[in-house]
Amino acid sequence: MPAFDRLFDDAAFAGFYDLDNGWGDDLEYCAGLARDATSVLDLGCGTGALATSLGPTRRVTGVDPAAAMLDIARARAGAQSIRFIEGDARTIRLGETFDLVVMTGHAFQVFLTEDDQRAALRTIAAHLAPEGRFVFDTRNPAAREWLEWVPEASLRVLDDPRFGKVRAWNDVTHDESTGIVSYETHYLAEAGGEHLSTTSSILFTDKAKIEAMLLECGLRAERFAGDWQGGEWTPDASEIIPIGTLAAATV
Ligand SMILES: C[S@@+](CC[C@H](N)C(=O)[O-])C[C@H]1O[C@@H](n2cnc3c(N)ncnc32)[C@H](O)[C@@H]1O
């Protein structure tokens, strides 16, 4: 799997995930895509809010390699009807197909090489029903969102039920040659205690490359949205969100 990332694999950090990231328009958009779906696969499901929101009327499976994230997912209200599996989106093969395969929260960006990105896309293709659809999101490199991930612009105060007020901030480096952004995440409780910090890396990929990789992996985008409200993609959109089917789909 991509290098061990404490942000997800360490319970101390995973405990901040929902508070610091929130869940919003992606949930609503995916709920719309899932309207007629009887089965959903959520790759890189993290703390499981999306997977849980789509049960229990559907067969829902969430896959993530980070046990600390899955512990939170499994403790969520409604999680009893969801199958959460510790696994890697590049290699997992469940031997079944789904009406909808999703990979949200920019989980696609944890794959730092094109080989790993292709492996994850092939996993999507391997689990799509003939008429099934897929969706995932990746930040548009043209929007250069990482410029905001510096201490002065990213400082926020979280109201944490365990520690009270917690100051959180990021810092960042961008490698123009590879497209890899490495960012630090810091958490410091105002009441004192340990200063938690860790560094994560993610890859930014442009739309042309995503389109080419989709085709190589047997997938076809019906459309690209530029945000989770479903707006059409434009070159300066914040997101690249392909929504599509198997390349050979009959729909
Ligand atoms: C930014 S979080 C997104 C989580 C969730 N999908 C959301 O929308 O909040 C990225 C997730 O990708 C997971 N991840 C890392 N490597 C992975 C891999 N090889 N296969 C599947 N998921 C992976 C992390 O453990 C983490 O839960």
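Keep in mind that what you see is a predicted model, and the values were worked out from it rather than measured. (Residues numbered from 1 in each chain as written. Predicted model: local features only at pLDDT ≥ 70, side-chain atom pairs only at ≥ 80, totals over all residues. Heavy atoms only, no water.)

**A short note on the pattern of salt bridges**
Here comes step 1: In the structure shown here, the tally under the stated rule is 19 salt bridges.
Here comes step 2: With a closest N to O distance of 3.0 Å, Arg-90 and Asp-116 form a salt bridge. Here Arg-90 is found in the loop between strand 3 (83-86) and strand 4 (98-103), whereas its partner Asp-116 is found in helix 7 (residues 114-126), with 26 residues between them in sequence.
Here comes step 3: The class of Arg-90 is buried, set by a relative accessible area of 14%.
Here comes step 4: A salt bridge links Arg-223 to Glu-232; the nearest nitrogen and oxygen atoms lie 2.8 Å apart.
Here comes step 5: One connected set of salt bridges, linked through shared partners, spans Glu-114, Asp-115, Arg-118, Lys-209 and Glu-216. (Salt bridge = Lys/Arg side-chain N within 4 Å of Asp/Glu carboxyl O. Helix = DSSP H or I, 4+ residues; strand = E, 2+ residues; numbered from the N terminus. Buried < 20%, exposed > 50% of the residue type's maximum accessible area, 1.4 Å probe, protein only.)

**A few points about the site of the ligand**
Here comes step 1: Around the ligand sit 18 residues, and of these Tyr-17, Gly-44, Asp-64, Ala-89 and Thr-104 come closest.
Here comes step 2: With respect to the ligand, the side chain of Asp-88 contributes an N or O atom lying 2.9 Å from a nitrogen atom.
Here comes step 3: Alone, the ligand offers 590 Å² of accessible surface; in the complex the protein occludes 94% of this.
Here comes step 4: Of the residues belonging to the shell around the ligand, the class tally is 12 nonpolar, four polar and two charged. (Near = heavy atom within 4 Å. Polar contact = N/O pair within 3.5 Å; in protein donor to acceptor, adjacent residues only side chain to side chain. Areas by Shrake-Rupley, 256 points an atom, 1.4 Å probe, with all protein chains shown as cover. Nonpolar A, V, L, I, M, F, W, Y, C, P; charged D, E, K, R; others polar.)

**What to know about the nonpolar core**
Within soluble globular proteins, side chains that are nonpolar generally end up buried alongside one another.
Here comes step 1: Counting residues in hydrophobic clusters, the biggest one holds 28 residues, and the most contacted among them are Leu-43, Met-103, Leu-121, Ile-124, Phe-136 and Leu-219.
Here comes step 2: Looking at this core, the elements with two or more residues in it are strand 1 (39-43), strand 4, helix 7, strand 5 (128-136), helix 9 (207-216), strand 11 (219-225) and strand 12 (239-246).
Here comes step 3: What Met-103 contacts, discounting residues up to four positions off in sequence, is Leu-43, Phe-108, Phe-111, Ala-120, Ile-124, Val-135, Phe-136 and Asp-137.
Here comes step 4: In terms of nonpolar packing, the next biggest core, distinct from the first, is built from 23 residues, Tyr-29, Cys-30, Leu-33 and Cys-45 among them. (Core = buried A, V, L, I, M, F, W, Y, C linked by side-chain atoms within 4.5 Å. Contact = heavy atoms within 4.5 Å.)

**With respect to the sheet that holds strand 8 (residues 164-175)**
Here comes step 1: Taking strand neighbours across the sheet as the criterion, the four strands line up as 7-8-9-10 in an open arrangement whose pairing is antiparallel. Edge positions in the sheet fall to strand 7 (156-160) and strand 10 (195-203), since each has one partner strand and no second. Adjacent strand axes in the sheet meet at a mean angle of 25 degrees, parallel and antiparallel pairs treated alike.
Here comes step 2: When strand 8 meets strand 9 (residues 180-189), the two strands line up antiparallel, connected through 10 bridges. (Pairing = 2+ DSSP bridges. Axes fitted to C-alpha atoms, helices over the stretch in contact; angles between N-to-C directions.)

**What about the pairing of strand 3?**
Regular strands place side chains that alternate from one sheet face to the opposite one.
Here comes step 1: Where strand 2 (residues 59-64) and strand 3 come together, four bridges link them in parallel fashion. Residue Gly-62 lies in a different strand from strand 3, and its bridge partner there is Phe-84.
Here comes step 2: A crossover links strand 2 with its parallel partner strand 3, the connecting element being helix 6 (residues 67-75), and its sense is right-handed. (Right-handed = clockwise from strand over helix to strand, strands pointing away.)

**Here's the deal with the UniProt feature "domain: Methyltransferase" (unreviewed entry) in the chain**
Here comes step 1: When the UniProt feature table is mapped to this numbering, "domain: Methyltransferase" (unreviewed entry) covers residues 40-132.
Here comes step 2: Note that residues 40-132 is 30% helix and 27% strand, and that its end C-alpha atoms are spaced 10 Å apart. (UniProt positions renumbered as here; feature names shortened; annotations may be inferred.)

**Observations regarding the packing of helix 7 against helix 9**
Here comes step 1: Orientation of helix 7 relative to helix 9, taken along the N-to-C sense of each, is 50 degrees, at an axis distance of 9 Å. With respect to helix 9, the axis of helix 7 lies oblique. When you trace helix 7 past helix 9, the crossing you get is right-handed. Contacts between helix 7 and helix 9 involve Glu-114, Gln-117, Arg-118, Leu-121 and Arg-122 on the former and, on the latter, Lys-209, Met-213, Leu-214 and Glu-216.
Here comes step 2: Residues belonging to the contact of helix 7 with helix 9 are distributed by class as follows: three nonpolar, one polar and five charged. (Parallel < 35°, antiparallel > 145°, perpendicular 65-115°, else oblique. Left-handed = near helix turned anticlockwise from the far one by under 90°.)

**Brief notes about the side chain of Glu-239**
Here comes step 1: Along the chain, the position of Glu-239 falls in strand 12.
Here comes step 2: No salt bridge forms around the buried Glu-239; measuring N to O, its nearest opposite-charge neighbour Arg-139 is 5.6 Å away.
Here comes step 3: At 2.8 Å, the side chain of Glu-239 and the side chain of His-106 are in polar contact. (Lys, Arg positive; Asp, Glu negative; His and termini not counted.)

**A look at the pairing of strand 10**
Here comes step 1: Across nine bridges, strand 9 lies against strand 10 in antiparallel orientation. Counted as the bridge partner of Ile-180 is Leu-203 from strand 10.

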